[in-house]
Amino acid sequence: MTTRNEAWTEYWQSGALHSCVGSLDEGYGGAIGDYWRRTADSFAKRAAVLDIATGNGPLPKLLAGLRADLQITGIDAAAIAPGWWSASAFPQVEMLGNTPLAALAAQGRSFDVLTSQFGWEYIPRPESVQQTVALSAPGARWYLVCHHAQGRLAQVAQAEVDGASRLLAPQGLLQAAITLLPYVRLASTDATRLNADATAVAARIAYNAAITELGQAITSSVAPDVMIQARQGVHQLLQRAAQDPSFGAESTLRQWRSAVERSVLRSGELVSHALSVADMDALRTTLPADAVVNVNELRQAEGLLAWAIEVTLPKRWA
Ligand SMILES: C[S@@+](CC[C@H](N)C(=O)[O-])C[C@H]1O[C@@H](n2cnc3c(N)ncnc32)[C@H](O)[C@@H]1O
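For clarity, every value in this text was computed on a predicted model and none was experimentally measured.

Enquirer: Teacher, can you tell me more about the layout of surface pockets here?
Expert: Picture a little ball the size of a water molecule; that probe, rolled over the atoms, points out where space is still empty. Each pocket or cavity is described by its volume, and for the second largest pocket that value is around 590 Å³. Contributing to the lining of the second largest pocket are 32 residues, with Ala53, Asp76, Ala77, Tyr122 and Ile123 lying nearest its centre. Elements that contribute at least two residues to the lining of the second largest pocket include exactly helix H1 (3–13), strand E1 (48–52), helix H3 (58–66) and helix H4 (101–105). Per-element accounting of the lining of the second largest pocket gives the leading share, four residues, to H1. Split into classes, the residues belonging to the lining of the second largest pocket amount to 18 nonpolar, ten polar and four charged.

Enquirer: Would you mind showing me how to read the site of the ligand here?
Expert: In the region of the ligand, 17 residues are neighbours, and Trp12, Ala53, Asp76, Leu101 and Gln117 sit closest. Tryptophan 12 has a polar side-chain atom sitting 2.8 Å from an oxygen atom of the ligand. Residue aspartate 76 places a side-chain N or O atom 2.6 Å away from an oxygen atom belonging to the ligand. Taking 590 Å² as the accessible area of the ligand by itself, protein coverage stands at 95%. Applying the majority rule of atoms within 2 Å of the grid points places the ligand in the second largest pocket. Of the residues that constitute the shell around the ligand, the class distribution is twelve nonpolar, four polar and one charged.

Enquirer: Please explain the sheet that holds strand E2 (residues 71–75) as it appears in this structure.
Expert: Think of a sheet as strands paired side by side through backbone hydrogen bonds, with each pair either parallel or antiparallel. Sheet architecture is open: seven strands sit in the order E3-E2-E1-E4-E5-E7-E6, paired in mixed fashion. Edge strands, defined here as strands with exactly one partner in the open sheet, are strand E3 (93–96) and strand E6 (292–300). Across this sheet, the average inter-strand angle for adjacent strands is 15 degrees, counted without regard to direction. Bridge count between E6 and strand E7 (residues 303–312): nine bridges; the pairing is antiparallel. Residue pairing in the sheet places valine 292 in a bridge with threonine 312 of E7.

Enquirer: Just to check I follow, could you spell out the nonpolar core for this structure?
Expert: Inside soluble globular proteins, nonpolar side chains tend to come together where they are buried. In terms of nonpolar packing, the biggest core is built from 38 residues, with Trp36, Phe43, Val49 and Leu63 touching the most fellow members. Secondary structure elements with two or more residues in this core: H1, helix H2 (30–41), H3, E3, strand E5 (136–147), helix H6 (152–168) and E7. Among the elements that take part in this core, H2 stands out by supplying five residues, more than any other. Those residues in contact with phenylalanine 43, other than ones at most four positions away along the chain, are Val49, Leu63, Arg67, Leu70, Val113, Thr115 and Tyr143. With 33 residues, the next largest nonpolar core counts Ala176, Ala203, Leu214 and Leu238 among its residues.

Enquirer: When you look at the pairing of strand E4 (residues 111–117) in this model, what are you seeing that I'm missing?
Expert: Look at any regular strand and the pattern is simple: side chains alternate between the two faces of the sheet. Most of E4 is tucked away, with six of its seven residues classed as buried. Pairing geometry for E1 and E4, over three bridges, is parallel. Directly across from aspartate 51, in E4, lies its bridge partner threonine 115. Here six bridges tie E4 to E5, and the two strands are oriented parallel to one another.

Enquirer: Any chance you could explain helix H10 (residues 225–243) here in plain terms?
Expert: Turn by turn, an α-helix covers 3.6 residues, leaving residues three or four places apart pointing in a common direction. Relative to the 27 Å expected for 19 residues at 1.5 Å per residue, H10 spans 27 Å between its end C-alpha atoms, a close match to the ideal helical length. Buried-residue contacts for H10 involve H6, helix H7 (173–189), helix H9 (198–220) and helix H11 (249–273).

Enquirer: Is there a simple way to think about the packing of H6 against H10 in this case?
Expert: Running from amino to carboxyl end, H6 crosses H10 at an angle of 30 degrees, the nearest separation of the two axes being 8 Å. One finds that H6 runs roughly parallel with respect to H10. Along its contact with H6, which presents Gly163, Arg166 and Leu167, the element H10 presents Val226, Met227 and Ala230. When the residues that make up the contact of H6 with H10 are grouped by side-chain class, the tally is four nonpolar, one polar and one charged.

Procedures and definitions
Residues numbered from 1 in each chain as written. Predicted model: local features only at pLDDT ≥ 70, side-chain atom pairs only at ≥ 80, totals over all residues. Heavy atoms only, no water. 1 Å grid on protein atoms, 1.4 Å probe; cavity = no way out; pocket = protein on both sides within 12 Å on 5 of 7 lines; lining within 4 Å. Points joined across faces, edges and corners; volume = space filled by probe spheres on them. Helix = DSSP H or I, 4+ residues; strand = E, 2+ residues; numbered from the N terminus. Nonpolar A, V, L, I, M, F, W, Y, C, P; charged D, E, K, R; others polar. Near = heavy atom within 4 Å. Polar contact = N/O pair within 3.5 Å; in protein donor to acceptor, adjacent residues only side chain to side chain. Areas by Shrake-Rupley, 256 points an atom, 1.4 Å probe, with all protein chains shown as cover. Sits in = over half its atoms within 2 Å of the grid points. Pairing = 2+ DSSP bridges. Axes fitted to C-alpha atoms, helices over the stretch in contact; angles between N-to-C directions. Core = buried A, V, L, I, M, F, W, Y, C linked by side-chain atoms within 4.5 Å. Buried < 20%, exposed > 50% of the residue type's maximum accessible area, 1.4 Å probe, protein only. Contact = heavy atoms within 4.5 Å. Expected span 1.5 Å × (residues − 1). Parallel < 35°, antiparallel > 145°, perpendicular 65-115°, else oblique.

In structure tokens form, the structure reads like this:
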């Protein structure tokens, strides 16, 4: 399993329904939900729908609720854990984890409607185009909502990467807390001894500097939540470590560090896979020449959210 796949597997196993927790509401209200509700109305009766890079399946869940006649398959390369779904409760929905698009394309299946919500753009092009074509029935329609490089979600993700990278830096809060740990008990029991120990004093100065720098970053960030939670969590952890020497504070801090590393990877992926206007022009050249392509931008009060790419393939293949 790749690190990237591990990062997504860990995320979906935590039970999140979709990948933009904190930026979009669970019910997919707003422009994106409106888009899917409008679009689902136009799907042919009993259409076979494939949701590509589905995660824990917010889109299959939404579509199944809107249209009981659809046969929906959700696939994702990661091991998913869609808590809302079971084959008995949703016999018209199939959810397949550990299934990269290429693996499904190799099975020779075909679908009338191919959707994706913030997933298709994560798959390298032009292979993603070729695999999606291979899975398309004649006359199939694609509805791909993709991250926009100039959009609000990419902007928030970049701020999350910056904040998390600050926490992970050698002088950042997590390392400063690990270095301070051996002395926190001494600080509460014997401050005089602590002040006589140059290494302990240096650790305390470095920790205070990390806290000050983090406070400044929190005030100026558009997405400070990760930094706020880390500051609060580290503070409580150090207090507990001072009172309870048996508490495994260092291993907890190391686990947090690897969780933050994985969140940097996921948010960084969003930023690096978000499509710019130039990417969109390049994408058009990889689509089948006889396809009808329609590209729009989805916006709501917070600003620009996503690209909505619609492709209709010809009824007969050339
Ligand atoms: C941002 S998440 C998907 C979000 C999900 N559609 C939603 O609406 O919440 C991107 C997903 O792409 C998946 N992915 C990346 N490469 C893939 C591939 N080649 N085939 C299938 N899924 C892939 C990842 O495992 C990850 O779950």
